[in-house]
Amino acid sequence: MIVASPLLSLAEYLAYDDGTDTRYELVNGELVAMAQPTGLHGGMSEFVNDSFRFEIQRLQLPLISKQDLIAVQTGLVRGKITCRVPDVVVITSEQWQDMRFREAVLTDSVPLLVVEIVSDSTRNIDYRKKRAEYNAIEIPEYWIIDFSDRKVTVLLLVDGLYEEIVYRGDEVIKSFLFPELKLTPTQIFNI
């Protein structure tokens, strides 16, 4: 749902408060309300984030994984800014330190991995719009978790374009960032 308002700058977006708990993404300068996720959506997001955090800790990697916390500026077209808030974001420790005392928005760098969990209302956005936006800013790895279709699509950046691999059931998801991760769609969907 787009909220009718004048086009916002990044600073106006970050300062925006309508007095509710509604969260927004900024799409071409316009506020777009983010639907409250279902318990399943939140559970899957938390499970994946916890899995990434465990792997980061186990291997003592200089990475941070955050759930529903970090926005990513994906575009600036004719003065209109787009900022997305992925379900899970993995960044470097240095990127995290840089935003400790400011809004958690990546504007001058990109995350190493983002995860979007498909809702019926976001299917086209997650598969098409965000894919194009994340590809344009060259996020190296993008996971699309789709409970309705019982699949996890992993998009890896190769020569400037995403190559897609689809995982189902008990297939172990191959991650470029976490090559030793042992995670299957079944585990994600059975939280």
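Above this text is the structure in question.
The rules we used
Residues numbered from 1 in each chain as written. Predicted model: local features only at pLDDT ≥ 70, side-chain atom pairs only at ≥ 80, totals over all residues. Heavy atoms only, no water. Core = buried A, V, L, I, M, F, W, Y, C linked by side-chain atoms within 4.5 Å. Buried < 20%, exposed > 50% of the residue type's maximum accessible area, 1.4 Å probe, protein only. Helix = DSSP H or I, 4+ residues; strand = E, 2+ residues; numbered from the N terminus. Contact = heavy atoms within 4.5 Å. Pairing = 2+ DSSP bridges. Phe/Tyr/Trp six-rings, centres within 6.5 Å; stacked < 30°, edge-to-face > 60°. Salt bridge = Lys/Arg side-chain N within 4 Å of Asp/Glu carboxyl O.

Asks: What should I look at first to understand the nonpolar core in this one?
Replies: Soluble globular proteins: nonpolar side chains tend toward being buried together. In this structure, Phe52, Val115, Trp143, Ile145, Val152, Phe178 and Ile188 are the most contacted members of the largest nonpolar core, which totals 22 residues. Among the secondary structure elements, those contributing two or more residues to this core are helix 2 (39–59), strand 7 (88–92), strand 9 (113–117), strand 10 (141–146), strand 11 (151–158) and helix 5 (185–189). When residues in this core are grouped by element, the largest group, four residues, is from helix 2. Beyond its immediate sequence surroundings of up to four residues, Ile188 is in contact with Met44, Phe47, Val48, Ile145, Val152, Ile173 and Leu183. With 17 residues, the next largest nonpolar core counts Ile91, Trp96, Val118 and Tyr162 among its residues.

Asks: When you look at the pairing of strand 7 in this model, what are you seeing that I'm missing?
Replies: Consecutive side chains along a regular strand alternate between the two faces of the sheet. A large share of strand 7 lies buried, amounting to four of its five residues. Across five bridges, strand 4 (residues 63–67) lies against strand 7 in antiparallel orientation. Across the sheet, Ile64 pairs through a bridge with Ile91, a residue of strand 7. Where strand 7 meets strand 9, three bridges bridge the pair, whose relative direction is antiparallel. Looking at strand 9, one finds that Val89 is bridged to Val114.

Asks: Looking at this structure, I do not really get the packing of aromatic side chains. What am I missing?
Replies: Working definition: an aromatic ring pair is given by the centre-to-centre distance plus the angle between the planes. The final tally for this structure, using the stated rule, is six aromatic pairs. Between Phe52 and Phe178, the aromatic rings sit 5.0 Å apart at their centres with planes inclined by 25°, giving stacked as the arrangement. With Phe52 in helix 2 and Phe178 in the loop between strand 12 (161–168) and helix 5, this residue pair connects regions lying 126 residues apart in the sequence. Neither residue differs from the other here; Phe52 and Phe178 are each classed as buried. An angle of 90° between the planes, with centres 4.9 Å apart, marks the rings of Tyr134 and Tyr142 as edge-to-face. By the burial criterion, Tyr134 is buried, and Tyr142 matches it. Aromatic ring contacts, followed pair by pair, group Phe52, Trp143 and Phe178 into a single cluster.

Asks: Help me understand the pattern of salt bridges in this model?
Replies: Where charged atoms from two side chains of opposite charge approach closely, those side chains can pair. Enumeration over the complete set of coordinates arrives at eleven salt bridges. The shortest N-O distance in the salt bridge between Glu55 and Arg58 comes to 2.8 Å. With Glu55 and Arg58 both in helix 2, this residue pair falls three residues apart, about one helical turn. Since its relative accessible area comes to 4%, Glu55 is described here as buried. As a salt-bridge pair, Asp126 and Lys130 come within 3.5 Å of each other at their nearest N and O atoms. Of this pair, Asp126 and Lys130 are both found in helix 4 (residues 123–136), four residues apart, which corresponds to roughly one turn of the helix.

Asks: Can you help me understand unusual backbone geometry in this one?
Replies: In most cases, non-glycine residues show a negative phi, while peptide bonds are predominantly trans. Even without being a glycine, Asn28 presents a positive backbone phi close to 50°. Looking at the element boundaries, Asn28 is found in the loop between strand 2 (23–27) and strand 3 (30–34). Using a relative accessible area of 35% as the deciding quantity, one classes Asn28 as partly exposed. If you check the backbone angles, Gln60 has positive phi at about 50° while not being a glycine. Its place among the elements puts Gln60 in the loop between helix 2 and strand 4.

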